[in-house]
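One-letter residues, chain by chain:
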Amino acid sequence: MGGGRPKVQVTRIETFSACHRLHSRDLSDEENKEVFGKCNHPNGHGHNYKVEVSLKGAVDPRTGMVVNLVDLKQYMKIAISDKLDHKNLDKDVAFFATHVSTAENVAVLIWDEMTRVLPKPELLFEVKVHETEKN
């Protein structure tokens, strides 16, 4: 191993529930139905999302931590729960006025929000979003 401190990854999981409709303004109604199938239903549908946020960095020799998990919990509450839990993603979240509310774009939004609230955004390593199990 090199002379520097080892880098480690720390992951915390958060959950939230939300509804949405997969629909792109760039596609016709027929194309939307073809691409998104039942997820394009005009009334939308809901999910119980699981989000994994991972930070990667050197362990602080004084604290033994990359990040205080109590602090990470609060950052995730601000970036995820406060913005997304029990919301209609398409109607209640400004980001989705211009983006299709796919799981991929939910991950992009969470990445952006986490970099905004983290004191050291360079530690953000990965955001994973899981929609309802067996979707």
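What counts and how
- Residues numbered from 1 in each chain as written.
- Predicted model: local features only at pLDDT ≥ 70, side-chain atom pairs only at ≥ 80, totals over all residues.
- Heavy atoms only, no water.
- Disulfide = S-S within 2.5 Å.
- Buried < 20%, exposed > 50% of the residue type's maximum accessible area, 1.4 Å probe, protein only.
- Pairing = 2+ DSSP bridges.
- Helix = DSSP H or I, 4+ residues; strand = E, 2+ residues; numbered from the N terminus.
- Phe/Tyr/Trp six-rings, centres within 6.5 Å; stacked < 30°, edge-to-face > 60°.

**Student:** Break down the state of the cysteines for me, with residues and values.
**Tutor:** Counted according to the given criterion, the structure contains zero disulfides. For the unlinked cysteine Cys-19, the closest cysteine sulfur is that of Cys-39, found at 13 Å. The exposure class assigned to Cys-19 is partly exposed, which follows from its relative accessible area of 29%. The class of Cys-39 is buried, set by a relative accessible area of 16%.

**Student:** Please set out the pairing of strand S2 (residues 45-58) residue by residue, giving values where relevant.
**Tutor:** Where strand S1 (residues 7-20) and S2 come together, 14 bridges link them in antiparallel fashion. Of the residues in S2, the one forming a bridge with Val-8 is Gly-57. In terms of strand pairing, S2 meets strand S4 (residues 124-130) through six bridges, oriented antiparallel. Each residue of the ladder has a partner; that of Lys-50, found in S4, is His-130.

**Student:** Account for the packing of aromatic side chains, with residues named and values stated.
**Tutor:** Summed over the entire model, instances satisfying the criterion amount to two aromatic pairs. Seen from their ring centres, Phe-16 and Tyr-49 are 4.6 Å apart, and the 10 degrees between their planes marks the pair as stacked. Here Phe-16, found in strand S1, pairs with Tyr-49, found in strand S2; they are 33 residues apart in sequence, far enough to count as distant. The buried category is assigned to Phe-16, whose relative accessible area is 3%. Accessibility expressed as a relative area gives 1% for Tyr-49, which makes it buried.

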